[in-house]
Amino acid sequence: MLTVETTGMDKRMAEIVEKVTHGERLSLEDGVYLYKSDDLLTIGQLANQANLKKNGKKVYFIENMSLYFTNVCESYCAFCNFRKDQGEEGSYTLSGQQMVDYVNQHIHPNIREFHIVGGHNQHVPFQYYVDSLQALKDNFPDVTIKAYTAAEIDFFTRISGLSITEVLRELQKAGLQTLTGGGAEILSDQYREKMKVDKANVERYLEVHRTAHQLGMKTHTTMLYGSIESHEDRIRHMLHVRDLQDETNGFMVFIPLSMQPRNKNAGIMRRNSAYEDLKTLAISRLMIDNIQHIKAYFINIGVQLTQVAMSFGASDVHGTIVKERISHAAGALTPEGLTRKELIWLIQGAGRIPVERDTFYNEIKVYE
(Lines give C-alpha, C1' and ligand atoms only; values in the text may rest on other atoms or scores of the structure.)
Protein backbone atom coordinates (compact mmCIF):
# COMPACT_ATOMS: atom_id res chain seq x y z
CA MET A 1 0.00 0.00 0.00
CA LEU A 2 1.16 3.51 -0.78
CA THR A 3 2.40 5.69 2.05
CA VAL A 4 2.59 9.48 2.20
CA GLU A 5 5.94 10.95 3.23
CA THR A 6 5.45 13.52 6.02
CA THR A 7 9.04 14.78 6.29
CA GLY A 8 9.06 18.55 5.85
CA MET A 9 5.27 18.71 5.92
CA ASP A 10 3.50 21.23 8.17
CA LYS A 11 2.22 19.82 11.45
CA ARG A 12 -1.49 20.00 10.68
CA MET A 13 -1.19 18.20 7.36
CA ALA A 14 1.06 15.57 8.94
CA GLU A 15 -1.62 14.97 11.59
CA ILE A 16 -4.24 14.49 8.87
CA VAL A 17 -1.95 12.08 7.01
CA GLU A 18 -1.63 10.07 10.21
CA LYS A 19 -5.39 10.03 10.70
CA VAL A 20 -6.06 8.82 7.16
CA THR A 21 -3.28 6.25 7.29
CA HIS A 22 -4.69 4.78 10.51
CA GLY A 23 -8.32 4.91 9.41
CA GLU A 24 -9.34 7.72 11.77
CA ARG A 25 -12.29 9.89 10.77
CA LEU A 26 -11.62 13.47 9.69
CA SER A 27 -13.39 16.37 11.40
CA LEU A 28 -15.05 19.52 10.11
CA GLU A 29 -11.89 21.43 10.98
CA ASP A 30 -9.74 18.91 9.09
CA GLY A 31 -11.87 19.27 5.98
CA VAL A 32 -11.78 23.07 6.03
CA TYR A 33 -8.01 22.95 6.51
CA LEU A 34 -7.64 20.70 3.45
CA TYR A 35 -9.58 23.20 1.36
CA LYS A 36 -7.33 26.02 2.56
CA SER A 37 -4.15 24.06 1.89
CA ASP A 38 -2.38 24.47 -1.45
CA ASP A 39 -0.76 21.03 -1.13
CA LEU A 40 -2.97 19.45 -3.78
CA LEU A 41 -0.63 16.54 -4.45
CA THR A 42 -0.60 15.39 -0.83
CA ILE A 43 -4.40 15.67 -0.65
CA GLY A 44 -4.68 13.70 -3.88
CA GLN A 45 -2.22 11.07 -2.72
CA LEU A 46 -4.17 10.62 0.51
CA ALA A 47 -7.45 10.27 -1.38
CA ASN A 48 -5.85 7.81 -3.77
CA GLN A 49 -4.61 5.79 -0.81
CA ALA A 50 -8.08 5.78 0.76
CA ASN A 51 -9.69 4.72 -2.51
CA LEU A 52 -7.19 1.94 -3.20
CA LYS A 53 -7.97 0.49 0.23
CA LYS A 54 -11.67 0.36 -0.68
CA ASN A 55 -11.67 -0.49 -4.38
CA GLY A 56 -8.19 -1.39 -5.52
CA LYS A 57 -7.56 -0.22 -9.07
CA LYS A 58 -11.08 -0.97 -10.27
CA VAL A 59 -13.07 1.93 -11.73
CA TYR A 60 -16.75 1.37 -12.50
CA PHE A 61 -19.10 2.43 -15.29
CA ILE A 62 -22.56 1.50 -16.54
CA GLU A 63 -24.34 1.49 -19.88
CA ASN A 64 -27.22 3.82 -19.08
CA MET A 65 -29.56 6.29 -20.71
CA SER A 66 -30.69 9.65 -19.32
CA LEU A 67 -34.37 10.47 -19.81
CA TYR A 68 -36.31 13.68 -19.11
CA PHE A 69 -40.11 13.47 -19.19
CA THR A 70 -40.68 17.19 -18.57
CA ASN A 71 -38.73 20.42 -18.23
CA VAL A 72 -41.69 22.40 -16.88
CA CYS A 73 -40.91 23.38 -13.29
CA GLU A 74 -42.48 25.45 -10.53
CA SER A 75 -39.06 26.29 -9.05
CA TYR A 76 -36.71 29.05 -10.20
CA CYS A 77 -33.35 27.88 -8.85
CA ALA A 78 -30.72 30.50 -9.65
CA PHE A 79 -28.29 28.01 -11.21
CA CYS A 80 -30.77 26.19 -13.49
CA ASN A 81 -31.09 26.79 -17.21
CA PHE A 82 -33.05 23.57 -17.87
CA ARG A 83 -36.43 24.57 -16.45
CA LYS A 84 -39.24 26.17 -18.46
CA ASP A 85 -42.64 27.63 -17.67
CA GLN A 86 -45.75 25.91 -19.02
CA GLY A 87 -46.30 27.14 -22.58
CA GLU A 88 -42.86 28.74 -22.87
CA GLU A 89 -40.99 28.07 -26.09
CA GLY A 90 -39.02 24.87 -25.69
CA SER A 91 -41.14 23.51 -22.83
CA TYR A 92 -42.37 19.93 -23.05
CA THR A 93 -44.17 17.23 -21.09
CA LEU A 94 -43.95 13.79 -22.67
CA SER A 95 -46.48 11.03 -22.22
CA GLY A 96 -45.34 7.55 -21.33
CA GLN A 97 -45.86 6.41 -24.91
CA GLN A 98 -43.89 9.36 -26.30
CA MET A 99 -40.98 8.44 -24.06
CA VAL A 100 -41.22 4.79 -25.06
CA ASP A 101 -41.05 5.89 -28.71
CA TYR A 102 -37.98 8.03 -27.93
CA VAL A 103 -36.26 5.17 -26.13
CA ASN A 104 -36.99 2.77 -28.98
CA GLN A 105 -35.24 5.18 -31.35
CA HIS A 106 -32.08 5.46 -29.23
CA ILE A 107 -31.71 2.36 -27.05
CA HIS A 108 -29.24 -0.42 -27.75
CA PRO A 109 -29.23 -3.96 -26.30
CA ASN A 110 -26.66 -3.26 -23.56
CA ILE A 111 -28.55 -0.44 -21.78
CA ARG A 112 -29.01 -1.53 -18.17
CA GLU A 113 -30.39 1.60 -16.55
CA PHE A 114 -32.73 4.51 -17.19
CA HIS A 115 -31.62 7.63 -15.29
CA ILE A 116 -34.74 9.81 -14.98
CA VAL A 117 -35.01 13.34 -13.63
CA GLY A 118 -36.98 16.41 -14.66
CA GLY A 119 -38.86 19.49 -13.66
CA HIS A 120 -41.35 19.87 -10.82
CA ASN A 121 -44.33 20.15 -13.15
CA GLN A 122 -47.33 21.22 -11.08
CA HIS A 123 -49.64 21.10 -14.12
CA VAL A 124 -49.85 17.30 -14.06
CA PRO A 125 -50.98 15.05 -11.19
CA PHE A 126 -48.79 12.65 -9.22
CA GLN A 127 -50.33 9.79 -11.20
CA TYR A 128 -48.57 11.15 -14.31
CA TYR A 129 -45.19 10.48 -12.68
CA VAL A 130 -46.30 7.00 -11.64
CA ASP A 131 -47.60 6.21 -15.11
CA SER A 132 -44.36 7.48 -16.67
CA LEU A 133 -42.37 4.82 -14.85
CA GLN A 134 -44.98 2.14 -15.47
CA ALA A 135 -44.81 2.73 -19.23
CA LEU A 136 -41.06 2.18 -19.20
CA LYS A 137 -41.25 -0.88 -16.95
CA ASP A 138 -43.96 -2.45 -19.14
CA ASN A 139 -41.94 -1.93 -22.32
CA PHE A 140 -38.40 -2.44 -20.99
CA PRO A 141 -38.79 -4.83 -18.02
CA ASP A 142 -35.09 -5.74 -17.83
CA VAL A 143 -33.82 -2.16 -17.53
CA THR A 144 -33.34 -0.80 -14.00
CA ILE A 145 -35.33 2.35 -13.27
CA LYS A 146 -33.32 4.95 -11.37
CA ALA A 147 -35.70 7.84 -11.13
CA TYR A 148 -36.41 11.15 -9.46
CA THR A 149 -34.47 13.21 -6.97
CA ALA A 150 -35.31 13.54 -3.30
CA ALA A 151 -36.57 17.04 -4.15
CA GLU A 152 -38.94 15.55 -6.73
CA ILE A 153 -40.20 13.03 -4.17
CA ASP A 154 -40.86 15.89 -1.74
CA PHE A 155 -42.71 17.71 -4.54
CA PHE A 156 -44.82 14.61 -5.17
CA THR A 157 -45.89 14.56 -1.51
CA ARG A 158 -47.18 18.12 -1.88
CA ILE A 159 -49.18 17.57 -5.07
CA SER A 160 -50.57 14.20 -3.92
CA GLY A 161 -51.16 14.72 -0.19
CA LEU A 162 -49.34 11.44 0.45
CA SER A 163 -46.46 10.84 2.85
CA ILE A 164 -42.91 10.19 1.68
CA THR A 165 -43.37 6.49 2.40
CA GLU A 166 -46.64 6.33 0.47
CA VAL A 167 -45.17 8.16 -2.53
CA LEU A 168 -42.15 5.87 -2.65
CA ARG A 169 -44.29 2.73 -2.34
CA GLU A 170 -46.53 3.84 -5.22
CA LEU A 171 -43.48 4.50 -7.37
CA GLN A 172 -41.93 1.16 -6.39
CA LYS A 173 -45.09 -0.60 -7.57
CA ALA A 174 -44.60 1.12 -10.94
CA GLY A 175 -40.97 -0.03 -11.20
CA LEU A 176 -38.82 2.43 -9.22
CA GLN A 177 -35.70 0.66 -7.91
CA THR A 178 -33.46 3.50 -6.74
CA LEU A 179 -33.38 7.30 -6.43
CA THR A 180 -31.00 9.60 -8.25
CA GLY A 181 -28.76 11.84 -6.14
CA GLY A 182 -29.84 15.24 -7.43
CA GLY A 183 -31.66 17.99 -5.59
CA ALA A 184 -29.07 18.15 -2.82
CA GLU A 185 -27.26 21.19 -4.23
CA ILE A 186 -25.58 22.42 -1.01
CA LEU A 187 -27.19 21.07 2.16
CA SER A 188 -27.54 24.43 3.86
CA ASP A 189 -30.88 26.16 4.26
CA GLN A 190 -29.16 29.56 4.15
CA TYR A 191 -27.58 28.64 0.81
CA ARG A 192 -30.91 27.37 -0.50
CA GLU A 193 -32.61 30.63 0.39
CA LYS A 194 -29.93 32.76 -1.29
CA MET A 195 -29.88 30.60 -4.43
CA LYS A 196 -33.70 30.45 -4.63
CA VAL A 197 -33.75 26.68 -4.25
CA ASP A 198 -37.53 26.53 -3.88
CA LYS A 199 -37.68 22.83 -3.22
CA ALA A 200 -36.93 20.32 -0.45
CA ASN A 201 -34.98 21.85 2.42
CA VAL A 202 -32.06 20.06 4.06
CA GLU A 203 -34.21 18.12 6.50
CA ARG A 204 -36.61 16.93 3.79
CA TYR A 205 -33.83 15.93 1.38
CA LEU A 206 -32.25 13.75 4.03
CA GLU A 207 -35.61 12.39 5.22
CA VAL A 208 -36.52 11.23 1.70
CA HIS A 209 -33.29 9.25 1.43
CA ARG A 210 -33.66 7.96 4.98
CA THR A 211 -37.13 6.70 4.15
CA ALA A 212 -35.98 5.14 0.88
CA HIS A 213 -33.22 3.32 2.74
CA GLN A 214 -35.72 2.09 5.33
CA LEU A 215 -37.83 0.71 2.46
CA GLY A 216 -34.82 -1.28 1.27
CA MET A 217 -33.61 1.00 -1.51
CA LYS A 218 -29.98 1.86 -2.08
CA THR A 219 -29.64 5.41 -3.40
CA HIS A 220 -27.22 8.02 -4.77
CA THR A 221 -26.36 11.47 -3.44
CA THR A 222 -24.71 14.59 -4.87
CA MET A 223 -23.22 17.98 -4.03
CA LEU A 224 -23.43 20.88 -6.50
CA TYR A 225 -20.46 23.12 -5.74
CA GLY A 226 -18.89 26.25 -7.17
CA SER A 227 -21.23 29.17 -6.54
CA ILE A 228 -21.71 31.19 -3.35
CA GLU A 229 -21.07 28.45 -0.79
CA SER A 230 -18.06 28.50 1.51
CA HIS A 231 -15.62 25.66 1.96
CA GLU A 232 -17.16 25.09 5.37
CA ASP A 233 -20.58 24.76 3.70
CA ARG A 234 -19.18 22.01 1.49
CA ILE A 235 -17.67 20.13 4.41
CA ARG A 236 -20.90 20.43 6.42
CA HIS A 237 -22.72 19.02 3.40
CA MET A 238 -20.38 16.03 3.36
CA LEU A 239 -20.92 15.54 7.09
CA HIS A 240 -24.73 15.52 6.64
CA VAL A 241 -24.28 12.74 4.10
CA ARG A 242 -21.76 10.88 6.25
CA ASP A 243 -24.03 11.04 9.31
CA LEU A 244 -27.01 9.63 7.41
CA GLN A 245 -24.82 6.89 5.97
CA ASP A 246 -23.75 5.99 9.51
CA GLU A 247 -27.43 5.64 10.34
CA THR A 248 -28.73 3.74 7.29
CA ASN A 249 -25.81 2.53 5.13
CA GLY A 250 -28.05 3.24 2.15
CA PHE A 251 -25.88 5.40 -0.12
CA MET A 252 -23.89 3.64 -2.84
CA VAL A 253 -21.99 6.63 -4.21
CA PHE A 254 -21.29 10.31 -3.56
CA ILE A 255 -21.18 12.55 -6.64
CA PRO A 256 -19.57 16.01 -6.45
CA LEU A 257 -21.06 18.04 -9.31
CA SER A 258 -19.06 20.97 -10.61
CA MET A 259 -21.46 23.85 -11.28
CA GLN A 260 -21.74 24.94 -14.91
CA PRO A 261 -22.14 28.56 -16.10
CA ARG A 262 -25.42 29.71 -17.63
CA ASN A 263 -24.20 29.46 -21.22
CA LYS A 264 -21.52 27.76 -23.31
CA ASN A 265 -19.88 31.04 -24.21
CA ALA A 266 -18.96 31.81 -20.60
CA GLY A 267 -15.22 32.31 -20.13
CA ILE A 268 -12.96 30.24 -17.91
CA MET A 269 -13.39 32.67 -15.01
CA ARG A 270 -17.05 31.62 -14.79
CA ARG A 271 -16.14 27.95 -14.38
CA ASN A 272 -14.60 25.98 -11.56
CA SER A 273 -10.88 25.43 -12.03
CA ALA A 274 -9.43 21.98 -12.56
CA TYR A 275 -7.56 22.55 -9.29
CA GLU A 276 -10.84 23.10 -7.42
CA ASP A 277 -12.52 20.11 -9.05
CA LEU A 278 -9.69 17.72 -8.16
CA LYS A 279 -9.44 19.06 -4.63
CA THR A 280 -13.18 18.64 -4.07
CA LEU A 281 -13.17 15.07 -5.38
CA ALA A 282 -10.21 14.18 -3.17
CA ILE A 283 -11.62 15.83 -0.06
CA SER A 284 -14.95 14.07 -0.67
CA ARG A 285 -13.15 10.72 -0.64
CA LEU A 286 -11.32 11.62 2.58
CA MET A 287 -14.31 13.05 4.46
CA ILE A 288 -16.95 10.52 3.43
CA ASP A 289 -15.20 7.40 4.60
CA ASN A 290 -18.34 5.26 4.83
CA ILE A 291 -19.56 5.37 1.21
CA GLN A 292 -17.88 2.92 -1.15
CA HIS A 293 -17.60 5.10 -4.24
CA ILE A 294 -16.86 8.69 -5.25
CA LYS A 295 -17.95 9.50 -8.80
CA ALA A 296 -16.06 11.70 -11.24
CA TYR A 297 -18.80 13.04 -13.51
CA PHE A 298 -17.22 13.57 -16.93
CA ILE A 299 -20.20 15.61 -18.11
CA ASN A 300 -19.20 18.42 -15.73
CA ILE A 301 -15.42 18.16 -15.43
CA GLY A 302 -14.45 16.79 -18.85
CA VAL A 303 -13.06 13.45 -19.94
CA GLN A 304 -9.36 14.18 -19.45
CA LEU A 305 -9.79 15.59 -15.94
CA THR A 306 -11.91 12.53 -15.19
CA GLN A 307 -8.85 10.42 -16.00
CA VAL A 308 -6.76 12.41 -13.51
CA ALA A 309 -9.56 12.15 -10.93
CA MET A 310 -9.01 8.38 -10.77
CA SER A 311 -5.74 9.16 -8.98
CA PHE A 312 -7.54 11.61 -6.67
CA GLY A 313 -10.03 9.23 -5.07
CA ALA A 314 -12.62 8.56 -7.78
CA SER A 315 -13.71 4.97 -8.44
CA ASP A 316 -16.67 5.58 -10.76
CA VAL A 317 -17.07 7.54 -14.03
CA HIS A 318 -20.87 7.24 -14.41
CA GLY A 319 -21.96 5.80 -17.76
CA THR A 320 -22.80 6.13 -21.43
CA ILE A 321 -25.76 8.53 -20.75
CA VAL A 322 -26.54 8.80 -24.54
CA LYS A 323 -27.85 12.39 -24.39
CA GLU A 324 -27.42 14.55 -21.27
CA ARG A 325 -29.51 17.74 -21.13
CA ILE A 326 -29.39 19.47 -17.74
CA SER A 327 -25.68 20.33 -17.49
CA HIS A 328 -25.58 21.07 -21.21
CA ALA A 329 -28.51 23.46 -20.88
CA ALA A 330 -26.34 25.28 -18.32
CA GLY A 331 -23.27 25.55 -20.53
CA ALA A 332 -21.36 22.26 -20.26
CA LEU A 333 -18.74 21.91 -23.01
CA THR A 334 -18.33 18.15 -22.71
CA PRO A 335 -19.77 15.31 -24.84
CA GLU A 336 -23.46 14.53 -24.20
CA GLY A 337 -22.50 10.89 -23.75
CA LEU A 338 -19.75 8.34 -24.30
CA THR A 339 -19.71 4.83 -25.73
CA ARG A 340 -18.67 1.75 -23.82
CA LYS A 341 -15.42 1.60 -25.83
CA GLU A 342 -14.68 5.23 -24.95
CA LEU A 343 -15.30 4.65 -21.24
CA ILE A 344 -13.04 1.59 -21.25
CA TRP A 345 -10.33 3.61 -23.04
CA LEU A 346 -10.80 6.45 -20.56
CA ILE A 347 -10.25 4.19 -17.55
CA GLN A 348 -7.42 2.13 -19.02
CA GLY A 349 -5.69 5.34 -20.06
CA ALA A 350 -5.50 6.28 -16.40
CA GLY A 351 -3.81 3.00 -15.50
CA ARG A 352 -6.97 1.58 -13.90
CA ILE A 353 -9.11 -1.50 -14.46
CA PRO A 354 -12.49 -0.83 -16.12
CA VAL A 355 -15.42 -2.65 -14.57
CA GLU A 356 -18.82 -2.64 -16.22
CA ARG A 357 -21.45 -2.68 -13.48
CA ASP A 358 -25.18 -2.64 -12.97
CA THR A 359 -26.98 0.09 -11.03
CA PHE A 360 -26.13 -1.55 -7.69
CA TYR A 361 -22.42 -2.00 -8.38
CA ASN A 362 -22.67 -5.70 -9.13
CA GLU A 363 -19.84 -6.46 -11.56
CA ILE A 364 -20.92 -7.44 -15.07
CA LYS A 365 -17.53 -7.63 -16.74
CA VAL A 366 -13.96 -6.75 -15.74
CA TYR A 367 -11.79 -5.51 -18.64
CA GLU A 368 -8.29 -6.58 -17.57
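Residues numbered from 1 in each chain as written. Predicted model: local features only at pLDDT ≥ 70, side-chain atom pairs only at ≥ 80, totals over all residues. Heavy atoms only, no water.

J.: Mind laying out unusual backbone geometry, listing which residues take part and the relevant values?
T.: For residues other than glycine, phi is negative in most cases, and the peptide bonds are mostly trans. With phi around 55°, Asn 249 is a residue other than glycine that occupies positive phi space. Turning to its location among the elements, Asn 249 is positioned in the loop between helix 10 (231–248) and strand 7 (251–258). Positive phi is not limited to glycine here, since Tyr 361 has a value of about 65°. Of the residues examined, Tyr 361 reaches a relative accessible area of 12% and is grouped as buried. (Helix = DSSP H or I, 4+ residues; strand = E, 2+ residues; numbered from the N terminus. Buried < 20%, exposed > 50% of the residue type's maximum accessible area, 1.4 Å probe, protein only.)

J.: Go over the sheet that holds strand 11 (residues 363–366), please, and point to the residues and values.
T.: Spatial ordering of the open sheet is given by 9-1-10-11, a layout of four strands whose pairing is mixed. Each end of this open sheet is capped by a strand with a single partner; those strands are strand 9 (316–319) and strand 11. Taken pair by pair, the neighbouring strands of this sheet meet at an average axis angle of 25°, ignoring direction. Summarising the sheet, strand 1 (residues 58–62) and strand 9 pair through two bridges and their orientation is parallel. By the bridge assignment, Ile 62 is partnered in strand 9 with Gly 319. (Pairing = 2+ DSSP bridges. Axes fitted to C-alpha atoms, helices over the stretch in contact; angles between N-to-C directions.)

J.: Residues and numbers for the pattern of salt bridges, please.
T.: Taken as a whole, this structure holds 22 salt bridges when the rule is applied. Where Asp 316 meets Arg 357, a salt bridge forms, and the shortest distance between an N and an O atom there is 2.9 Å. Linking Asp 316 in strand 9 with Arg 357 in strand 10 (residues 353–357), this pair joins segments that are 41 residues apart in sequence. Taken individually, Asp 316 and Arg 357 each receive the classification buried, so the pair is uniform in this respect. (Salt bridge = Lys/Arg side-chain N within 4 Å of Asp/Glu carboxyl O.)

Everything listed here is a matter of geometry and, on its own, says nothing about what the molecule does.
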